[in-house]
Protein chains: 2
Amino acid sequence: MTAIRLDMTMSLDGFIAGPDDRPGQEMGLGGFRLFNWLDDRAGPGPNGEVYAESMATGAIISGRRTFELAGRWNGDHHDGVPILVLTHHVADDDAPPGSARFYTDVGECAAAAREGAGGNDVMVHGAGAARALIRAGELDEIEVHVVPVLLGAGRPLFAGLEDTAGPVELEAVRVVQGRDATHLRYRVVRTR
Amino acid sequence: MTAIRLDMTMSLDGFIAGPDDRPGQEMGLGGFRLFNWLDDRAGPGPNGEVYAESMATGAIISGRRTFELAGRWNGDHHDGVPILVLTHHVADDDAPPGSARFYTDVGECAAAAREGAGGNDVMVHGAGAARALIRAGELDEIEVHVVPVLLGAGRPLFAGLEDTAGPVELEAVRVVQGRDATHLRYRVVRTR
């Protein structure tokens, strides 16, 4: 069954980018430190295996901010799979490139992603998209690549969940230790 | 060699207590959820082994807030080992109970803890104490017991490190998966 899975790299203190992330400095100040483990992405070890799983997904749900910072991936994140972009506003004359489409309704977005993934899993990118999916009860799994560094400041992965009812229960289903990243996978047991 | 090691239980979203932690509600709203893994502390499995290691430490450094919320441990955290309490202010007539002593200087506190631990490691409790030790370059290791839950709000473990120079580099030295907690141990490679 298709799982919608958040897939993000995070410092031990919870940041997915350094401070002041913006066009031209997409990962924020010092934030590229988080991606050292991806140097092994083509290799045979644990980092390569985990990366290959990410790339075997059949669709991507991205937050708008992540989508724009990534230069819209020129319309192709990997293998031409559907890119579903969650956003609050779509301009009439804004046609996203390649396989990218805008969605303003999170339930519709999740349903379309499950449909479009061709039996594979769905990768979720971006803190905002994760938050929206958690709130809607549409996030099935979380994979965080925890990097052994305290950045001290930046953009947090988990934020803005305080005004919902009760905690989100998870279940640890896998731990993989790679060079410079601990890959933790969770199943979402209960969303709000 | 004696290692000064932070030892804290944290939700995946980085909280060590729920919101509104105070006397009478020491773990904050819903925060006791974090301690389910400690039900196994006397058992033979991974949780029991990790807990036994914690209890084999020869001294404790605690933040003042943690110390007070814990009822000053009645002067004995475990086995009568020295309890060194980092604080900004000591009242003249305040004599802490048992093996507890107040310290206002972090370097002096760390030195006394290493000296008093009798060749064993030193356990650090509390976010404030951890921050002070990191800033002083006196924290050697970090052990976080990551609990599979998103609390959404509460007291963060890692905060207040943004005004120091550069990231704190760590090295993952051990991962132990227990029931309801993933125990991650890091060596501090470089402090500020």
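Higher on the page you've got the structure.
Residues numbered from 1 in each chain as written. Chains lettered and ligands numbered in written order. Predicted model: local features only at pLDDT ≥ 70, side-chain atom pairs only at ≥ 80, totals over all residues. Heavy atoms only, no water.

Visitor: Please give an account of the pattern of salt bridges that cites residues and values.
Guide: A complete count under the given rule lists 40 salt bridges over all chains for this structure. Arg185 of chain B is the salt-bridge partner of Glu141 of chain B, the closest N and O atoms lying 4.0 Å from each other. Here Arg185 of chain B lies in strand 11 (residues 181–190) and Glu141 of chain B lies in strand 7 (residues 141–147), a separation of 44 residues in the sequence. Like Glu141 of chain B, the residue Arg185 of chain B is buried in the burial classification. Put simply, Arg5, Glu53, Asp121, Glu141, Glu143, Arg174 and Arg185 of chain A are held in one network by salt bridges that share partners. (Salt bridge = Lys/Arg side-chain N within 4 Å of Asp/Glu carboxyl O. Helix = DSSP H or I, 4+ residues; strand = E, 2+ residues; numbered from the N terminus. Buried < 20%, exposed > 50% of the residue type's maximum accessible area, 1.4 Å probe, protein only.)

Visitor: Summarise the packing of aromatic side chains; cite the residues concerned and give the values.
Guide: By the definition in use, this model includes six aromatic pairs over all chains. Relative to Phe102 of chain B, the ring of Phe67 of chain B lies with its centre 6.0 Å away and its plane at 85°, an arrangement referred to as edge-to-face. Here Phe67 of chain B is found in helix 2 (residues 64–69), whereas its partner Phe102 of chain B is found in strand 5 (residues 100–103), with 35 residues between them in sequence. Classification of Phe67 of chain B by relative accessible area gives buried; the value is 0%. Following the ring pairs from residue to residue traces out a cluster consisting of Phe67, Trp73 and Phe102 of chain A. (Phe/Tyr/Trp six-rings, centres within 6.5 Å; stacked < 30°, edge-to-face > 60°.)

Visitor: Can you tell me about the relation of the copies chain A and chain B, naming the residues and giving the values?
Guide: Superposing chain A onto chain B takes a rotation of 180° combined with a translation of 0.0 Å along the rotation axis, leaving an RMSD of 0.0 Å. What the rotation and shift describe, once combined, is the action of a two-fold rotation axis. Taking C-alpha positions as reference, the residue of chain A nearest the rotation axis is Gly14 of chain A, located at 3.4 Å. In this assembly the copies share their binding face: 100% of the residues contributing to the interface of chain A also contribute to that of chain B. (Least-squares fit on C-alpha atoms with pLDDT ≥ 70 in both. Contact = heavy atoms within 4.5 Å.)

Visitor: Break down the sheet that holds strand 8 (residues 149–150) of chain B for me, with residues and values.
Guide: Within the open sheet, the nine strands sit side by side as 5(A)-4(A)-3(A)-6(A)-1(A)-7(A)-11(A)-10(A)-8(B). Their pairing is mixed. Each edge of the sheet is formed by a strand with only one pairing partner; in this case those strands are strand 5 (100–103) of chain A together with strand 8 of chain B. One ladder, built from seven bridges, connects strand 1 (residues 4–11) of chain A with strand 7 (residues 141–147) of chain A; its direction is parallel. Bridge pairing in strand 7 of chain A links Met8 of chain A to Val144 of chain A. Here helix 1 (residues 46–55) of chain A sits on the sheet and contacts strand 1, strand 6 (122–125), strand 7, strand 10 (168–178) and strand 11 (181–190) of chain A; the angle it forms with strand 10 of chain A, its principal contact strand, is near 130°. Across the face of the sheet, helix 4 (residues 127–136) of chain A comes into contact with strand 1, strand 3 (59–63), strand 4 (83–86), strand 6 and strand 10 of chain A together with strand 8 of chain B while running at roughly 120° to strand 6 of chain A. (Pairing = 2+ DSSP bridges. Axes fitted to C-alpha atoms, helices over the stretch in contact; angles between N-to-C directions.)

Visitor: For the interface of chain A and chain B, give the residues involved together with the corresponding values.
Guide: Between chain A and chain B, the contact holds 29 residues from the first and 29 residues from the second. With both sides pooled, the region where chain A packs onto chain B buries about 2,300 Å², and carbon together with sulfur makes up 69% of that total. Interface area lost by chain A to chain B is led by Leu12, Pro148 and Leu150 of chain A, which between them contribute 27%. Here chain A is connected to chain B by two salt bridges. (Buried area = accessible area lost by both parts, 1.4 Å probe.)

Everything listed is a geometric property; what it means functionally is a separate question.
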